[in-house]
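Here's the letter readout for the chains.
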Amino acid sequence: MRLIIGIVVVIGCVIGGYLGVGGHLYVLWQPFEFLIILGAAIGAFVIGNTGPVIKGTLGAFGTLFKGPKYNKAAYVELLGMQFTLFKLVQSKGILALEQHIENPHESSLFSRFPTFANNHHAVEFVCDYLRMVTLGSNNVHEMEALMDEELETHHQEQHRIVAAVQALADGTPALGIVAAVLGVIHTMGAISEPPEVLGHMIGGALVGTFFGVFVAYGFFAPFAQSLNNIYEAESKYFLSLKVGLLAHISGQVPVMAIEFARKALLSEDRPSFAEIDEATANLTAAT
């Protein structure tokens, strides 16, 4: 909804302002100018990016319209999931985790936390490191270094998508100039035409410059920034997982481990200690 509102405001203010000063809307309809700019932008995008980045960018536009999936409710659920896991280890030992981490999609524990269970990367992250713990690895510093490396790799994969969209924003103004220059060249070939015809042709050529700048700073650049914000929220989700797991591995009791995890969240979405205390009090023991 936020994205749609923003798009409507951008288009409404630009076109409304143009009409307000007496502009004629039909002059802006220059489909071949749009073809030059957007076609060249798509071609350059394909040249400059790998297959996974292209596929990821197309999927990212769906993410933009859905909006961020990490809010306070998701974080409360995440902390509750960690508390339940750590409580299970505390009461039944580390080997009690095996049935859950070896078959996470069939886990009765994970299924109680649907937002987490539907996040393939988060489930894999938790299961991989808890599996290491069940196999005897309990060196917190080595585990932290490995987690940092994995999260940094994941961040780089996401940053490539943001950079690809930002490159579209950086390139389309120049492509708008290309379209405008081609329009001027076409106009010079008709220099013998009367002034009203030449004026219309020059106006059409200048639409190329307008359109290139408009889509760059009205859409592509904000899309890149919005994606970056969404990915930053996701990074906090995984940071909370990392901090909670490390606190647990280092020997902290469940309530303290999730307090460590809670502190890793941004203040705007971070649930209070009382909210987490109430949420965990209502959780039944895992089996």
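From a predicted model like this one, the values you see are computed outputs, not experimental measurements.

Caption draft 1: Expanded view of helix α9 (residues 195–249). Across its 55 residues, α9 extends 79 Å between first and last C-alpha, which sits within 8% of the 81 Å expected from 1.5 Å per residue. A maximum bend of about 35° is found in α9 at Ala216. Positioned one or two residues after α9, Gly251 has a phi angle of 110°, which is positive.

Caption draft 2: Main features of the layout of surface pockets. Roughly 600 Å³ of volume is contained in the largest pocket. Forming the boundary of the largest pocket are 24 residues, of which Thr63, His154, Gln158, Tyr231 and Glu234 lie nearest the centre. Counting residues per element, the ones that place at least two in the lining of the largest pocket are α3 (51–66), α7 (120–134), α8 (140–188) and α9. Looking at the lining of the largest pocket, the element that brings in the most residues is α3, giving 8 residues. Here the lining of the largest pocket is composed, by residue class, of 8 nonpolar, 11 polar and 5 charged.

Caption draft 3: Inspection of the UniProt feature "transmembrane region" (unreviewed entry) in the protein at higher detail. Mapped onto the present numbering, the UniProt feature "transmembrane region" (unreviewed entry) falls on residues 7–28, 34–54, 161–185 and 197–220. Secondary structure across residues 161–185 divides into 100% helix and 0% strand, with the first and last C-alpha atoms of the span separated by 36 Å.

Caption draft 4: Quick look at the pattern of salt bridges. For the coordinates displayed, the defined rule picks out 6 salt bridges. Two residues, Asp148 and Lys242, come together in a salt bridge whose shortest N-O distance is 2.5 Å. Here the residue Asp148 occupies a position in helix α8, and Lys242 occupies one in helix α9, the gap between them amounting to 94 residues. Taking the relative accessible area as the measure of exposure, Asp148 reaches 33% and is therefore partly exposed. Between Glu259 and Arg262 there is a salt bridge, with its nearest N and O atoms 2.8 Å apart. Within this pair, Glu259 and its partner Arg262 are both found in helix α10 (residues 254–263), separated by 3 residues, close to a single helical turn. For the pair formed by Glu259 and Arg262, the shared burial category is buried. Overlapping salt bridges bring together Glu102, Asp128 and Arg131 as one network.

Caption draft 5: Representation of empty space enclosed by the protein in the model. All chains considered together, the criterion is met by 1 cavity of 30 Å³ or more. As for the largest cavity, its lining consists of Val255, Ile258, Glu259, Phe273, Ile276, Asp277 and Thr280. It is helix α11 (residues 273–281) that provides the largest number of residues to the lining of the largest cavity, a total of 4 residues.

Caption draft 6: Representation of the side chain of Asn49. Relative to the helices and strands, Asn49 resides in the loop between α2 (31–48) and α3. Within polar-contact distance, the side chain of Asn49 engages the backbone oxygen of Phe45 at 2.8 Å. The contacts of Asn49, once residues within four sequence positions are left out, are Ile54 and Ala164.

Calculation notes
- For every chain, the first residue of its written sequence is number 1, and the numbers climb from 1 along that sequence.
- Reporting in this predicted model follows two pLDDT cut-offs: at least 70 for local features of residues, and 80 or more for side-chain atom pairs to be given and counted; totals over whole chains, interfaces and linings ignore these cut-offs and use all residues.
- Hydrogens and waters are ignored; side-chain quantities use all the structure's heavy atoms.
- Put simply, DSSP H or I for four residues or longer makes a helix, DSSP E for two residues or longer makes a strand, and each gets a number counted from the N terminus.
- The span you would expect from a helix comes to 1.5 Å times its residue count less one.
- At any given residue, the bend is defined as the angle formed between two axes, one fitted to the seven residues that end at that position and one fitted to the seven that begin there.
- Cavity and pocket criteria rest on a 1 Å grid covering protein atoms alone: a 1.4 Å probe that fits but cannot get out defines a cavity, protein on both sides within 12 Å along at least 5 of 7 lines defines an open pocket, and an atom within 4 Å of a point defines a lining residue.
- Grid points are joined across faces, edges and corners, and a volume is the space filled by probe spheres set on the points.
- By the convention adopted, Pro, Cys, Tyr, Trp, Phe, Met, Ile, Leu, Val and Ala count as nonpolar, Lys, Arg, Asp and Glu as charged, and the other residues, Gly among them, as polar.
- UniProt positions are given in the numbering used here, feature names are shortened, and annotations may be inferred rather than shown by experiment.
- Should a side-chain nitrogen of Lys or Arg be within 4 Å of a carboxyl oxygen of Asp or Glu, the pair is scored as a salt bridge.
- Buried residues are those whose accessible area, probed at 1.4 Å on protein chains only, stays under 20% of the maximum for their type, while exposed residues exceed 50% and partly exposed ones sit between those limits.
- Think of a polar contact as two N or O atoms within 3.5 Å of one another; within protein, one of them needs to be a possible hydrogen donor and the other a possible acceptor, and neighboring residues in sequence only count if both atoms come from side chains.
- We call two residues contacting when some pair of their heavy atoms lies within 4.5 Å.

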